[in-house]
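Structure at a glance
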Amino acid sequence: MTSMVMVYLLAGFGAYSPPHMGLDAWFLEVEGVWHQFQLCGPARWDLDKPWPPLNQPDRPPLPAVEQGLCHSVSKDLITWEDRGVILTAGPPGSWDDGKIYTGNVVKHGDTVYVFYTGIREFPQPGEMMAQIGFATSKDLEHWEKYAGNPVLIPDGIIYESFANWRDCNFLWDESDRFWHAVITATMRGEGPMEQRACIGFARSADLIHWEHLPPLLVMDRYNLGLENPFLFQEGGRWYTGYSMYSDFYRAEWLEDNPDYRAEGGVYYAIAEKREGPYTVPENNRLGTQPDPPLYACQIIVHQGERLLLHRGPARWATALPKRVAFREDGSMCLAYWSGTNKARKEKIAAMDAAINLEDGGSGEKMLGDTDLGCMLEARVDAEAGAALGVALGETFLLSLQPGDRRVVLLDPVTREENPDRAGTWERDGEAHLILVADGSVIDVYVNDVWMFAANRAKPEETAARLLALSGGSTVRDIHLDALDTGNPVYTYGFNY
């Protein structure tokens, strides 16, 4: 059997990180401009020093990265411009004096509301550690915390008061004129609290007064709350879901489900109505892989397309967007987003003539050098059992096996397969491979569908090359382009 493979390789620094250490982010579009609000603070090795934006000189340094929110803007979700820190943890004794955790941002009337989770540094007996409040702005430049904070707190009836309560996300419903919130929460009940982790649900007409509603989804398989929840409607179906690390699966649950593969990333459930009941489909994994996964995921709509934005893997920076695609049965997958093409810059090489790569013969073709990456486009023919290698420098080697519909990461030295970074695609015949090498992270797509992401050591120089790993492959229509988003590079040892 012979199959055709189209290969694209994009590489370069594309991720965005603020001048301070950046973590989870959430997004709002206003008049064609995207606003990103990102948890920020000092690097971990600077936690013993005061963080200047906190501007509390008489206070000992806070032992947490999550000390504030950084604002940045973009028109294309590719290149971001810093707008500075808009708020920080409050003074000692306030409801948010310990940390700032994940929230969401919405526009209500002529006012923008940035919601966030406030964590107390030293909660007193009877005080909740985590509660949710907001800051407002009319012009997206000047911000003021609401004097009545916190406004969204667990009720102690449906939800536990002293357990998970953070990571809110909001959806406006024009038909009932309510804002609907999903929250990382713990349902009240009997038994261990980790077995009652849930996506909490509440609604409000004014974003200040909230009515608590039954949770949308309850899960018993983790030791962690269902983080970064989301809620949206697509194609007559409702979707809710969350981010999770594979390290937080309960050992007891995995023992009871020995055939289950624990992976990190995004998980989701589907319902016919917003309030549910939600069911978990057989394949409810979106952008999942063994740790480190994509994380702190937000799903937005940009120019009619649903996009997933995230940080990582193993990097505290906002990655380039991925498109959320929907199959006929309602299941989701991540796909390559064509907006990334805007970052393609100068051509490094172009070869239209076919190249035959044979194992043991003319088995290698050097394509060009770039400091942080390139874009490689090619068409490949290969019989079943043949494998074409795609290499970036000395730290990344991918095996493409079009005849077997398989792609897997290899150890560049031993060429052993990495079972945690492998994937198969659905249809025979022509296949389309895209590698987006975004600094230290390389995303692998086949037939536009995301397969996995690999991390690599920071390259001093990247040599893009093709090589025959086994059998023979014919490669044609090769084009090598550079990729440059224009984002500033703030290097924290792992954020490039």
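These lines cover the structure that appears in this document, whether it is placed above or below. (Residues numbered from 1 in each chain as written. Predicted model: local features only at pLDDT ≥ 70, side-chain atom pairs only at ≥ 80, totals over all residues. Heavy atoms only, no water.)

**Looking at the overall build of the protein**
This is how the line gets drawn: Numbering of helices and strands runs from the N terminus, with a helix taken as a DSSP run of H or I at least four residues long and a strand as a DSSP run of E at least two residues long. Categorising residues by exposure relies on relative accessible area from a 1.4 Å probe, with only protein chains included: less than 20% of the type maximum marks a residue as buried, more than 50% marks it as exposed, and the intermediate range marks it as partly exposed. Contact criterion: two residues are considered in contact whenever any of their non-hydrogen atoms come within 4.5 Å of each other. With residues, only the protein chains shown are counted as cover, and all accessible areas are computed by Shrake-Rupley using a 1.4 Å probe. The charged-residue count follows a simple rule in which Lys and Arg add positive charge and Asp and Glu add negative charge, with His and chain termini not counted at all. One atom stands in for each charge, and that atom is NZ of Lys, CZ of Arg, CG of Asp or CD of Glu.
For the protein, the count of helices and strands is one helix and 34 strands. C-alpha atoms of the protein, sized along the principal axes, occupy 75 × 50 × 40 Å. Buried residues in the protein amount to 59% of all 496 residues. The contacts of the protein with a sequence gap of at least 6 include a subset with a gap of at least 24, amounting to 61%. If you sum the accessible surface of the protein, you get close to 19,900 Å²; carbon and sulfur atoms cover 48% of it. Seen as two clouds, the 43 positive and the 71 negative side-chain charges of the protein have centres 2 Å apart.

**Some points on the packing of aromatic side chains**
Counted only if it meets this: A pair of Phe, Tyr and Trp rings is counted when the ring centres sit within 6.5 Å of each other, with Trp represented by its six-membered ring. The angle between the planes then sorts it: under 30 degrees is stacked, over 60 is edge-to-face, the rest tilted.
Applying the stated criterion across every chain, the model contains 26 aromatic pairs. Judged by centre distance (6.0 Å) and plane angle (15 degrees), the ring pair of Tyr 242 and Tyr 267 falls under stacked. Here the residue Tyr 242 occupies a position in strand β15 (residues 237–244), and Tyr 267 occupies one in strand β16 (residues 264–271), the gap between them amounting to 25 residues. By the burial criterion, Tyr 242 is buried, and Tyr 267 matches it.

**Let's talk about empty space enclosed by the protein**
Rule in force here: Throughout, the protein atoms alone are placed on a 1 Å grid, and a set of points is a cavity if a 1.4 Å probe fits but cannot get out or a pocket if it is open with protein on both sides within 12 Å along at least five of seven lines; lining residues have an atom within 4 Å of a point. Grid points are joined across faces, edges and corners, and a volume is the space filled by probe spheres set on the points. Amino acids outside the nonpolar list (Ala, Val, Leu, Ile, Met, Phe, Trp, Tyr, Cys, Pro) and the charged list (Asp, Glu, Lys, Arg) are all regarded as polar, and Gly is one of them.
Inspection of every chain in the model, using the stated rule, returns three cavities of 30 Å³ or more. Within this model, the largest cavity holds a volume of roughly 80 Å³. Around the largest cavity, the lining comprises 14 residues; the ones closest to its centre are Leu 320, Lys 322, Val 436, Asp 438 and Asp 443. Contributing elements (two or more residues each) for the lining of the largest cavity: β30 (431–438) and β31 (441–446). When its residues are assigned to classes, the lining of the largest cavity shows seven nonpolar, three polar and four charged.

**Some thoughts on the sheet that holds β15**
As a reminder of what qualifies: Here a strand pair is declared whenever DSSP counts at least two bridges between the two strands. An axis is simply a line fitted to the C-alpha atoms; with a helix, the fit covers only the stretch in contact. Between two such axes, the angle follows the N-to-C directions and lies from 0 to 180 degrees.
One open sheet accounts for four strands, arranged β14-β15-β16-β17; its pairing is antiparallel. Since the sheet does not close on itself, it has two edges, and those belong to β14 (227–234) and β17 (285–289), each with one partner. With strand direction ignored, the average angle separating the axes of adjacent strands in the sheet is 20 degrees.

**A look at the layout of surface pockets**
Within this model, the largest pocket holds a volume of roughly 690 Å³. Together, 27 residues line the largest pocket, and Arg 327, Thr 424, Val 449, Trp 450 and Met 451 are the ones closest to its centre. Elements with a contribution of two residues or more to the lining of the largest pocket: β17, β21 (332–335), β29 (417–424) and β32 (449–455). Here the lining of the largest pocket is composed, by residue class, of 13 nonpolar, seven polar and seven charged. Lining the second largest pocket we find 21 residues, and of these Phe 170, Leu 171, Ile 299, Ile 300 and Val 301 sit closest to its centre. Secondary-structure elements contributing two or more residues to the lining of the second largest pocket are β2 (21–30), β6 (99–108), β10 (165–173), β14 and β18 (295–302). Across the lining of the second largest pocket, the residue classes break down as 15 nonpolar, four polar and two charged.

**Details of unusual backbone geometry**
Both trends apply: most residues other than glycine have a negative phi, and most peptide bonds are in trans. Note that the residue after Gly 276, namely Pro 277, is joined by a cis bond; omega there is 10 degrees. If you check the backbone angles, Leu 207 has positive phi at about 70 degrees while not being a glycine. Summarising the element assignment, Leu 207 is placed in the loop between β12 (197–204) and β13 (211–219). Phi is positive for Ala 296, which is not a glycine, with a value near 50 degrees. Positionally, Ala 296 belongs in strand β18. With relative accessibility at 4%, the residue Ala 296 sits in the buried group.

**A word on the sheet that holds strand β24 (residues 364–370)**
Reading across the sheet, the six strands line up as β24-β33-β26-β27-β28-β29 and stay open at both edges, with antiparallel pairing between neighbours. One side of each edge strand has no neighbouring strand; the edge strands of this open sheet are β24 and β29. Adjacent strand axes in the sheet meet at a mean angle of 20 degrees when their direction is disregarded. Bridge count between strand β28 (residues 406–410) and β29: four bridges; the pairing is antiparallel. Its bridge partner being in β29, Val 407 is matched across the sheet by Gly 423.

**Describing the nonpolar core**
Keep this limit in mind: In this description, a nonpolar core means a group of buried Ala, Val, Leu, Ile, Met, Phe, Trp, Tyr and Cys residues linked to one another through side-chain atoms lying within 4.5 Å.
Counting 64 residues, the largest nonpolar core has Phe 37, Leu 69, Leu 77, Val 114 and Leu 308 as its most contacted members. The greatest single-element share of this core, amounting to seven residues, is contributed by β2. Apart from the residues within four sequence positions on either side, Leu 308 is in contact with Val 266, Leu 286, Cys 297, Gln 298, Ile 299, Pro 321, Lys 322, Val 324 and Leu 334. If you look at the next biggest cluster of nonpolar residues, it comprises 42 residues, including Phe 201, Leu 231, Met 244 and Tyr 295.

**Focus on the pairing of β30**
The buried fraction of β30 is high, at eight of eight residues. In this sheet, β31 lies alongside β30 in antiparallel orientation, the contact comprising six bridges. Across the sheet, the residue bridging to Ile 434 is Tyr 445, located in β31. Hairpin geometry of β30 and β31 is characterised by an intervening segment of two residues between the two adjacent antiparallel strands and by a positive phi of about 70 degrees at Gly 439.

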